[in-house]
Amino acid sequence: MSKQPGSSTAAEPDQPATEPAAGSPSDETAEATAGGARLAPGALVLAVLSLGWLAAMLWSTRQAITSAAAGVTALSLSAYALPGVITAALVAGAAVALAATNRLDRATLRFLVAAGAGLLVGLAAALAVNLTYADNATTNTIAGTTAAAAIIGGATAGARTARVVGAVAAATLAAQIFVVLFSRVRDPLSDLFGAGDTQQSMLDAAKWVSRTESLLAGLIAGLVAYLYLTWARRRAERRNGAAAALRWPAYLVAGAGAGLLLLLTEVIIRIGGRGLLDLAAALSEADEVAQTALGTSRVDNGIWVLFVGALTALVLFGRTLGPRAGEDEDESGS
């Protein structure tokens, strides 16, 4: 039976007229929209702030070392300041690499550029240490571990979840700035927690001060991570009309990211900075006890920040979830 032009069967069912051809402009627009939704906002600003923080940490460490009256004191101060420098290098490497790879989609190219950006940050930091620090046993250790931390931080930015990397970098930076500011109130808090003339009372007070610092740092890290991811989602919605929504695991990782970087800092220190820690511990029996206590305190602090930050980000994310569709139907039918 022939089909007339005006009949309802003129169009073949296996030839849909509405399906766009592969590589059509609509496909390209959809890909561009999805890619734009995955961008980490404020990556350049975050990179500048992170580099400034790394420079400030390197400068303060140099000032502390050069102002020491004796080499023994400089050695102890170097071991004490190293964790802050390493964490700052991790964040700076990740933030600069994120800014360099924010618009790259190919996984291999993204990782290579990210690692290269971290390498550049590490080399610049190591060069600054070697040129400005006094020539002693601590200089090469600080320069080498700082460069390694920046490279590792840059490599982490090679992940495709750019918004999560940006949230982790922002949260860690905020937590570290808080820790420096918190140092101004440690002595009053020690008195508040009952620090007295006995060594045991001083240790107990110091433990409570450290826990308070870790708790507040975790809360700040989780809050900043949540706010960053929320800002990224809303910004993508305004620009593209739709955003690639992140599920709860992304908020969990972003909230825990600051604690993970602190624990990674401890790993880098115990591998690359082991010689410096051993030299500082060998100065006296009291220094050995102090270095052991500081290492344990740093691990505890990282664990506290990890869990408190993750829990804070998840709770804040959970409060934004509306009722499920099934619950809405039950309520409407009741």
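Conventions used here
Residues numbered from 1 in each chain as written. Predicted model: local features only at pLDDT ≥ 70, side-chain atom pairs only at ≥ 80, totals over all residues. Heavy atoms only, no water. Axes fitted to C-alpha atoms, helices over the stretch in contact; angles between N-to-C directions. Helix = DSSP H or I, 4+ residues; strand = E, 2+ residues; numbered from the N terminus. Left-handed = near helix turned anticlockwise from the far one by under 90°. Contact = heavy atoms within 4.5 Å. Nonpolar A, V, L, I, M, F, W, Y, C, P; charged D, E, K, R; others polar. Expected span 1.5 Å × (residues − 1). Buried < 20%, exposed > 50% of the residue type's maximum accessible area, 1.4 Å probe, protein only. Patch = residues over 30% accessible without salt bridge, like charges linked within 9 Å, V, L, I, M, F, W, Y side chains within 5 Å. Areas by Shrake-Rupley, 256 points an atom, 1.4 Å probe, with all protein chains shown as cover. Salt bridge = Lys/Arg side-chain N within 4 Å of Asp/Glu carboxyl O. Lys, Arg positive; Asp, Glu negative; His and termini not counted. Charge placed at Lys NZ, Arg CZ, Asp CG, Glu CD. UniProt positions renumbered as here; feature names shortened; annotations may be inferred. Phe/Tyr/Trp six-rings, centres within 6.5 Å; stacked < 30°, edge-to-face > 60°. Lys NZ or Arg CZ within 6 Å of the ring centre and 35° of its normal.

A separate point is the packing of helix H2 (residues 43-66) against helix H6 (residues 162-182). Between H2 and H6, whose axes approach to 11 Å, the crossing angle comes to 35°. With respect to the hand of their crossing, H2 and H6 are arranged in left-handed fashion. Only Gly 166, Ala 169, Ala 170, Leu 173, Gln 176, Ile 177 and Val 180 of H6 make contact with H2, whose side of the interface consists of Leu 46, Leu 49, Ser 50 and Trp 53. Here the contact of H2 with H6 is composed, by residue class, of eight nonpolar, three polar and no charged.

A few words now on helix H4 (residues 107-132). If you check H4, its first and last C-alpha atoms are 38 Å apart, about what 26 residues at 1.5 Å a residue would give, namely 38 Å. Taken together, the buried positions of H4 are Arg 110, Ala 114, Ala 117, Gly 118, Val 121, Gly 122, Ala 125, Ala 126 and Val 129.

Right, let's talk about a positive patch on the surface for a bit. A cluster of like positive charges, contributed by Arg 103, Arg 234, Arg 238 and Arg 239, occupies part of the molecular surface. In this structure, Arg 103 sits in the loop between helix H3 (71-101) and H4.

Mapped onto this numbering, the UniProt entry gives "transmembrane region" (unreviewed entry) at residues 39-59, 79-99, 111-131, 137-157, 164-183, 208-229, 250-269 and 303-322. As annotated, residues 111-131 has a helix share of 100% and a strand share of 0%, and its two end C-alpha atoms lie 30 Å apart. Overall, residues 250-269 shows 100% helix and 0% strand. The separation of its end C-alpha atoms is 28 Å.

What follows concerns the packing of aromatic side chains. In the structure shown here, the tally under the stated rule is four aromatic pairs. Seen in terms of ring centroids, Tyr 226 and Tyr 251 are 6.0 Å apart; in terms of plane orientation they differ by 45°. Their pairing is tilted. Separated by 25 residues along the polypeptide, Tyr 226 in helix H8 (residues 199-240) and Tyr 251 in helix H9 (residues 248-272) bring together distant segments of the chain. This pair shows no difference in class: Tyr 226 is buried, exactly as Tyr 251 is. Arranged with centres 5.9 Å apart and planes meeting at 85°, the rings of Tyr 228 and Trp 231 form a pair that is edge-to-face. Here Tyr 228 pairs with Trp 231, and both are found in helix H8, just three residues apart, close to one helical turn. Three or more aromatic residues joined by ring pairs make a cluster, and in this case those are Tyr 226, Tyr 251 and Phe 317. Directly above the aromatic system of Trp 208 lies the positively charged group of Arg 211, at a separation of 5.4 Å from the ring centroid.

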